[in-house]
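# Chain and residue survey
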Amino acid sequence: QVQLVESGGGLVQAGGSLRLSCTASGRTFSRSAMGWFRQAPGKDREFVAAISWSFGSTSYADSVKGRFTISRDNAKNTAYLQMNSLKPEDTAVYSCAALSASTGKYDYWGQGTQVTVSS
C-alpha cells in the first residue's frame, strides 16, 4: 500500500512558477512509477507527467513539455512537479498517483492540490 499527500499548490500569475510535492508513505514507494495528473472544472482528468522508479525515465503531455519537470527523491519518498511559465489553462486540481506493480495501473492517488493561474 502507498499513501500519497500533495502540497505546493496555490495562486500564481501567468508566467510564474510553482513546485508541487507528493510525499508517500509505504515501503514500496521507491519501486513505484509516479505520475501527475490534473483535472480542470468541467473537464476530464488528464495525464501531465510520469517518472519511472528505476532509471528516472520521464514522459510529459505535449501541453506541458518544456515548461514542467517531474523528478523524485526516493530517499525522501517524494516526487516533485516543477511548473514554470504557467498559463491560465494550467489551472486545475493536480493529483499525484503511484503505479501498482501488480495491476500496472495507477491505483494509489493523493487528494489533490489546487493550482490557479491568473491572467
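What this report covers is the structure whose coordinates are included nearby.

What counts as what
Residues numbered from 1 in each chain as written. Predicted model: local features only at pLDDT ≥ 70, side-chain atom pairs only at ≥ 80, totals over all residues. Heavy atoms only, no water. Buried < 20%, exposed > 50% of the residue type's maximum accessible area, 1.4 Å probe, protein only. Helix = DSSP H or I, 4+ residues; strand = E, 2+ residues; numbered from the N terminus. Pairing = 2+ DSSP bridges.

## Topic: the pairing of strand E9 (residues 92-99)
A regular strand places its side chains on the two faces of the sheet in alternate fashion. Most of E9 sits out of view: six of its eight residues are buried. Looking at chain direction, strand E4 (residues 34-39) and E9 are connected through six bridges and run antiparallel. Looking across to E9, one finds that Met34 is bridged to Ala98. Inspection of the sheet shows E9 paired to strand E10 (residues 106-109) by three bridges, in the antiparallel sense. By the bridge assignment, Ala97 is partnered in E10 with Trp109. A loop of six residues connects E9 with E10, the two strands running antiparallel in sequence, and Gly104 in this loop sits at a positive phi of about 75°.

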